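Reading the structure
Take a look at the letters that make up each chain.
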Amino acid sequence: MPLPPLHSNPVLLMRFAPKASHDLIHCVINRLTQGGIIVVTSENDEAKGKYNFHSAGEDRPVVLGLTTTQEFLENEAEIANLIMPCRTNHENITFVMEHFTVASRGNFINASKDMKNLAEKGKRWRKGDISEYDSDGLFTHAERAILLESMLNFLLVLDNADESSDLSKLFDSM
């Protein structure tokens, strides 16, 4: 069974210090959202649509479960120059390792479609089986985590045109 869908399950967790303010947490969530990162789990009351992280004085850290969309993940794979197996037209050379590009996405080996064909030819391109790949058959759980971490690393506190924001003001006041 392939990995669960990307958009509904956390790929990485982000933990805040126990004393992090509600304002800081909300500003970070807003900035993550602007950068294409989705908060899929948290200590919140989803039925009410409010974040109820902790009461004042409680000493519990806030943990957010983060993911993104397949589109953002593929864009990040291209930006990060992720090297993946790509099909060839040669009978004896079933794949070559290439930098992933969104434009040539269909040329890259898809675990759910190609693994059986390669196994019949006695070929493997990576260790593991179909359960290590996402439902689209492109990325392993490790690649999804690396790509999401890369997105986080390049997420700026401010957009280039901005001089300040609520988040930058909170950081300045610390």
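Residues numbered from 1 in each chain as written. Predicted model: local features only at pLDDT ≥ 70, side-chain atom pairs only at ≥ 80, totals over all residues. Heavy atoms only, no water.

1. Quick look at the confidence of the model for the chain
Counting all residues, the mean pLDDT for the chain is 77, and 71% of those residues have values of 70 or more. Put simply, helix α3 (residues 111–120) is where the chain has its lowest mean pLDDT, 62, and helix α2 (residues 70–79) is where it has its highest, 93. (pLDDT = per-residue confidence, 0-100. Helix = DSSP H or I, 4+ residues; strand = E, 2+ residues; numbered from the N terminus.)

2. Digging into α2
Within α2, burial applies to Gln 70, Leu 73, Glu 74, Glu 76 and Ala 77. Looking down the long axis of α2, one finds its buried residues gathered within 160° of arc, a one-sided arrangement. Opposite the buried face of α2, by more than 90 degrees, sit the exposed residues Glu 71 and Ile 79. Considering only its buried residues, α2 is in contact with β3 (63–68) and α4 (141–153). Asn 81 lies just past α2 and shows a positive phi near 55°. (Buried < 20%, exposed > 50% of the residue type's maximum accessible area, 1.4 Å probe, protein only. Arc of directions from axis to C-beta. Contact = heavy atoms within 4.5 Å.)

3. Description of the packing of α2 against α4
Two elements in contact, α2 and α4, have axes separated by 9 Å at closest approach and are oriented at 80°. Of the possible angle classes, the one that applies to α2 and α4 is roughly perpendicular. In this structure, α2 uses Phe 72, Leu 73, Glu 76 and Ala 77 to contact α4, whose residues at the interface are Arg 144, Leu 147, Leu 148, Ser 150 and Met 151. In the contact of α2 with α4, the residues fall into six nonpolar, one polar and two charged. (Axes fitted to C-alpha atoms, helices over the stretch in contact; angles between N-to-C directions. Parallel < 35°, antiparallel > 145°, perpendicular 65-115°, else oblique. Nonpolar A, V, L, I, M, F, W, Y, C, P; charged D, E, K, R; others polar.)

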